[in-house]
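Take a look at the letters that make up each chain.
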Amino acid sequence: MTLLDAQVHTKYKVCGVSGEGNARRRLLDMGFTPECTLYVAGVAPMGGTVLVGLRGFMVALREDAASLIDIEAVR
């Protein structure tokens, strides 16, 4: 499952970041590293962005970036 498929108000664990080049590197530099826990705080009503909390800060990601982050639900 990718971050784009995540449900709001749910915690997830990052499994990996796909893609190549600058997009992948940028996501890794922002802290979306394997085993990192994140919280999906919101999704724009008409799509477009996903609001994510991780490592003590909030990040708004566009759909194309969110689709590169592989996640699994934290139990």
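Everything that follows concerns the structure shown earlier in this document.
This write-up is about the structure you can find in this document. Every chain's residues receive numbers from 1 upward, in the order its sequence appears when written. Selection of residues for local features in this predicted model requires a pLDDT of at least 70, selection of side-chain atom pairs for listing and counting requires 80 or more, and totals for whole chains, interfaces and linings are taken over all residues. Water and hydrogen atoms play no part in the side-chain values, which are based on all heavy atoms of the structure.

### Points about the nonpolar core
Across soluble globular proteins, nonpolar side chains show a tendency to be buried alongside one another.
Thinking step 1. In this structure, Leu-3, Leu-27, Phe-32, Leu-38, Leu-61 and Ile-69 are the most contacted members of the largest nonpolar core, which totals 21 residues.
Thinking step 2. To qualify as a helix, a DSSP run of H or I must reach at least 4 residues; to qualify as a strand, a run of E must reach at least 2; elements of each kind are numbered from the N terminus. Contributing elements (two or more residues each) for this core: strand S1 (10-17), helix H1 (22-29), strand S2 (37-43), strand S3 (49-54), strand S4 (57-62), helix H2 (63-66) and strand S5 (69-73).
Thinking step 3. Not counting residues up to four positions away in its chain, the partners in contact with Phe-32 are Leu-3, Val-14, Val-17, Leu-27, Leu-38, Val-52, Leu-54, Leu-61 and Ile-69. What we call a nonpolar core is a set of buried Ala, Val, Leu, Ile, Met, Phe, Trp, Tyr and Cys residues that are connected through their side-chain atoms within 4.5 Å. Relative accessibility decides the category of a residue: with a 1.4 Å probe and only protein chains considered, values under 20% of the type maximum give buried, values over 50% give exposed, and everything between is partly exposed. Contacts: residue pairs with any heavy atoms within 4.5 Å of one another.

### Concerning the environment of Leu-3
Thinking step 1. Secondary-structure assignment places Leu-3 in the segment before S1.
Thinking step 2. Taking the C-alpha atoms as reference points, Leu-3 and Leu-28, separated by 25 residues in sequence, lie 14 Å from one another.
Thinking step 3. When near neighbours in sequence (up to four residues on either side) are disregarded, Leu-3 contacts Phe-32, Leu-38, Val-40, Val-50, Val-52, Leu-61, Ala-66, Ile-69 and Ile-71.

That is the geometry; function is a separate question.
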